[in-house]
Amino acid sequence: MHFDRLLNGVRKGDCLITVATGPMSESDADRAGLVPTHAYALLDIRKVPGHRLLQLKNPWSHLRWKGKFSEMDSVSWTPELQRALNYDRKSALQIDNGVFWISWECVMQFFDVIYMNWNPKLFKYRYTLHSTWTAAEGPKKDVYNIGDNPQYKLELLSSDSDAVVWILLTRHITRKDDFAENKEFITVHVYKTDGGRVFYPDNPFLEGTKINSPFYLAKLNAPKGTNRFTLVVSQYEKTNTIHYTIKVFSSTEFRLSPVPVPYTVEKQVSGEWRGSLAGGCPNYSTHSNNPVYRLKLETSSPSKTAEVLLKLRGPKQFSVGAIFRSVDRASDGKPVYEAYSETYRPGFYVQQLTRVPEGTYDVIPSAFYPGQEGPFILTIAASCRIALARK
């Protein structure tokens, strides 16, 4: 499938290809006739009965492949194959110009990278966005929480048919040694959403692979009827600030924009489940023994409501969650507003609450089982003024 796609791209003049070797020992390189960590240009790509072949050129204009389908291979080069490829093995033996044929299978074995440069005019709709992800933003590893990662809303303006979208993430290289010893692993995950922020890394529509290349390319096949996605930039063990560019190429018109953050204020408190204060989830009568935090929301919005984000971090071996409920009661004695953790999750829990009425609330963080002891960090962000303290 990959070979056929490259073959069609080259035939139509839409794809420029180079291939590159990786590190090789001196003896292996000499036997193969290849140069370690070296790029070769692709001159031709052919599919003949029984064979998939590439014609490559060493830019040094000398030193050629010595394996199967080299000019020294008298067995593989049948008269029929030479005619099909317009190749004269005897003439090739006379001069080393760095040009040689090699099978697709040998390319897969002896070369590390295939670089594909596609004609951007293949896609009518394109957009480029530049940004920075500072070292201080988000956790070092985004295994549990990707809510602090750079995120972008991708909206396809027509969903009447299937669409193809290419997403190219480029990390800016500003130093020679950075390129030579690239230790930054980057990728893009795609989530099928309403374009809102994603917090849990579970179940991406298209999961990216972290690679230590300055470029990561993802192909999104958007099915008919699906038009909103969230793109999440991800980095393995992030310690440094990175500058990057996202380019999107699409077969249909689209909009790309950062996922908005409605929260203007954030408060954080640390606590501990210990002894009788480790009450477990609401399934247990001891739940009320958990630490309780009093939250006050003061909003100036006409609707007298606010957007609230609740985050709870605890020991990774525990599933954690929280209850959020108003102090004010309705006529039936129930809280005016209440939100429960639908699912307790290992080490990290987050909940987005919309149109929360102004007022006073109790927030009760808990582990799932009673007696699970350990520290926790409760963070609450809101679109209005807030006060948060232990009750």
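Just so we're clear, the structure is a prediction, and the values are computed from it rather than from any experiment. Throughout, residues of each chain are indexed from 1 in the direction in which the sequence is written. Given that the model is predicted, a residue must reach a pLDDT of at least 70 before its local features are reported, and side-chain atom pairs must reach 80 or more before they are shown or counted; all residues, however, enter totals for whole chains, interfaces and linings. For side-chain calculations, the full set of non-hydrogen atoms in the structure is used, while hydrogens and water are omitted.

Visitor: Please set out the nonpolar core residue by residue, giving values where relevant.
Guide: As a rule of thumb, soluble globular proteins bury nonpolar side chains together. Membership of the largest hydrophobic core comes to 29 residues, with the highest contact counts inside it found for Leu 295, Leu 297, Val 308, Phe 324, Val 356, Leu 378 and Ile 380. At the level of secondary structure, the elements contributing two or more residues to this core comprise β14 (265-273), β15 (293-298), β16 (305-313), β17 (319-326), β20 (348-357), β21 (359-367), β22 (374-382) and β23 (385-390). Of all hydrophobic cores here, the second largest spans 25 residues; its members include Leu 154, Val 165, Ile 186 and Ala 222. Here the nonpolar core consists of buried residues drawn from Ala, Val, Leu, Ile, Met, Phe, Trp, Tyr and Cys, with membership extended through side-chain atoms lying within 4.5 Å. Throughout this description, buried means an accessible area under 20% of the type-specific maximum (1.4 Å probe, protein chains only), exposed means over 50%, and partly exposed covers the range between. Secondary structure elements are taken from DSSP: a helix is a run of H or I of four residues or more, a strand is a run of E of two residues or more, and numbering for both begins at the N terminus.

Visitor: Summarise the side chain of Ser 341; cite the residues concerned and give the values.
Guide: On the secondary structure map, Ser 341 appears in the loop between β18 (338-340) and β19 (345-346). N or O atoms closer than or at 3.5 Å make up a polar contact, with two conditions inside protein: a donor-capable atom paired with an acceptor-capable one, and, for residues adjacent in sequence, both atoms drawn from side chains. Reaching out from Ser 341, the side chain makes a polar contact with the backbone nitrogen of Ala 322 at a distance of 2.5 Å. Excluding residues within four positions of it along the chain, Ser 341 makes contact with Gly 321, Ala 322, Tyr 349 and Gln 351. Should any heavy atoms of two residues lie within 4.5 Å, those residues are counted as being in contact.

Visitor: Can you explain the layout of surface pockets? Please cite residues and give values.
Guide: Of the grid points, spaced at 1 Å and generated over the protein atoms alone, those admitting a 1.4 Å probe that cannot get out make up cavities, while open sets with protein on both sides within 12 Å along at least five of seven lines make up pockets; any residue with an atom within 4 Å of a point is treated as lining. Grid points are joined across faces, edges and corners, and a volume is the space filled by probe spheres set on the points. Taken as a whole, the largest pocket spans an internal volume of roughly 2000 Å³. Looking at the largest pocket, it is lined by 44 residues, and the ones nearest its centre are Val 113, Ile 114, Tyr 115, Met 116 and Leu 217. Breaking the lining of the largest pocket down by element, the ones donating at least two residues are α1 (2-11), α5 (104-110), β5 (113-118), β8 (163-171), α6 (176-180), β10 (215-222) and β12 (242-250). If you tally residues by element for the lining of the largest pocket, the top one is β5, at six residues. Class assignment of the residues belonging to the lining of the largest pocket gives a composition of 25 nonpolar, 12 polar and seven charged. As a volume, the second largest pocket reaches approximately 930 Å³. Lining the second largest pocket are 43 residues; nearest its centre among them are Asn 145, Gly 147, Asp 148, Phe 199 and Lys 311. Among the elements of the structure, β6 (125-133), β7 (151-156), β14, β16, β20 and β22 are those that each provide at least two residues to the lining of the second largest pocket. When residues of the lining of the second largest pocket are assigned to their parent elements, the largest contribution, five residues, is made by β16. We call Asp, Glu, Lys and Arg charged. Ala, Val, Leu, Ile, Met, Phe, Trp, Tyr, Cys and Pro are nonpolar, and the rest, Gly among them, are polar.

Visitor: I'd love a proper account of the pattern of salt bridges, names of residues and values included.
Guide: Proximity of charged atoms lets side chains of opposite charge pair with each other. By salt bridge we mean one thing: a side-chain nitrogen of Lys or Arg within 4 Å of a carboxyl oxygen of Asp or Glu. Counted by the stated rule, this structure contains 18 salt bridges. In this structure, Arg 294 engages Asp 362 in a salt bridge whose closest nitrogen and oxygen atoms are separated by 2.6 Å. Taken together, the positions of Arg 294 in strand β15 and Asp 362 in strand β21 put the pair 68 residues apart, joining distant regions of the chain. In this structure, Asp 362 engages Lys 391 in a salt bridge whose closest nitrogen and oxygen atoms are separated by 3.3 Å. With Asp 362 in strand β21 and Lys 391 in the segment after β23, the pair connects residues that are 29 residues apart, well separated along the chain. Here Asp 362 falls in the buried class, since its relative accessible area comes to 11%. By sharing partners, the salt bridges in this structure join Arg 64, Glu 71 and Asp 96 into a single network.

Visitor: I'd like a description of the sheet that holds strand β13 (residues 254-258), backed by residues and values.
Guide: One bridge is not enough; two strands pair if DSSP finds at least two bridges between them. Pairing within the open sheet is antiparallel, and its four strands lie in the order β9-β11-β7-β13. Looking at the sheet topology across the chains shown, the edges are occupied by β9 (186-192) and β13. Strand-to-strand twist of the sheet, defined as the mean angle between neighbouring strand axes without regard to direction, takes the value 25°. Pairing between β9 and strand β11 (residues 228-235): seven bridges, direction antiparallel. The partner of Val 188 across the bridge, within β11, is Val 233. Orientation is described by lines fitted to C-alpha atoms, with helices fitted over the stretch in contact, and by angles between N-to-C directions that extend from 0 to 180 degrees.

Visitor: An account of unusual backbone geometry is requested, with residue identities and associated values reported.
Guide: Even without a glycine there, the phi angle at Thr 37 is positive, about 45°. Within the secondary structure layout, Thr 37 lies in the loop between α2 (26-32) and β2 (39-48). At Glu 237, a position not held by glycine, the phi torsion is positive, near 50°. Tracing the sequence through the fold places Glu 237 in the loop between β11 and β12.

Visitor: Describe the pairing of β22, with residues and values.
Guide: Within β22, seven of the nine residues are buried, which leaves the element mostly enclosed by the surrounding structure. With nine bridges connecting them, β14 and β22 associate as antiparallel partners. Within β22, the residue paired with Gln 268 across the bridge is Thr 379. Bridge count between β16 and β22: six bridges; the pairing is antiparallel. Pairing of Arg 313 across the sheet is with Ile 377, part of β22.

Visitor: Residues and numbers for the environment of Leu 309, please.
Guide: Inspection of the secondary structure assignment puts Leu 309 in strand β16. Considering only alpha carbons, one finds Leu 309 and Ser 331, 22 residues apart in sequence, at a separation of 28 Å. Apart from residues no more than four positions distant in its own chain, Leu 309 is found in contact with Phe 199, Tyr 263, Val 350, Gln 351, Gln 352, Thr 379, Ile 380 and Ala 381.

Visitor: Help me get a handle on α1, residues and values and all.
Guide: The set of residues buried in α1 consists of Phe 3, Leu 6, Leu 7 and Gly 9. Taken around the axis of α1, the buried residues stretch over an arc of 165°, which confines them to a single face. In this structure, the buried residues of α1 make contact with β1 (15-20), β2, β3 (51-57), α5 and β5. Two residues or fewer after α1 comes Gly 13, characterised by a positive phi angle close to 75°. This arc corresponds to the set of directions leading from the helix axis out to the C-beta atoms.

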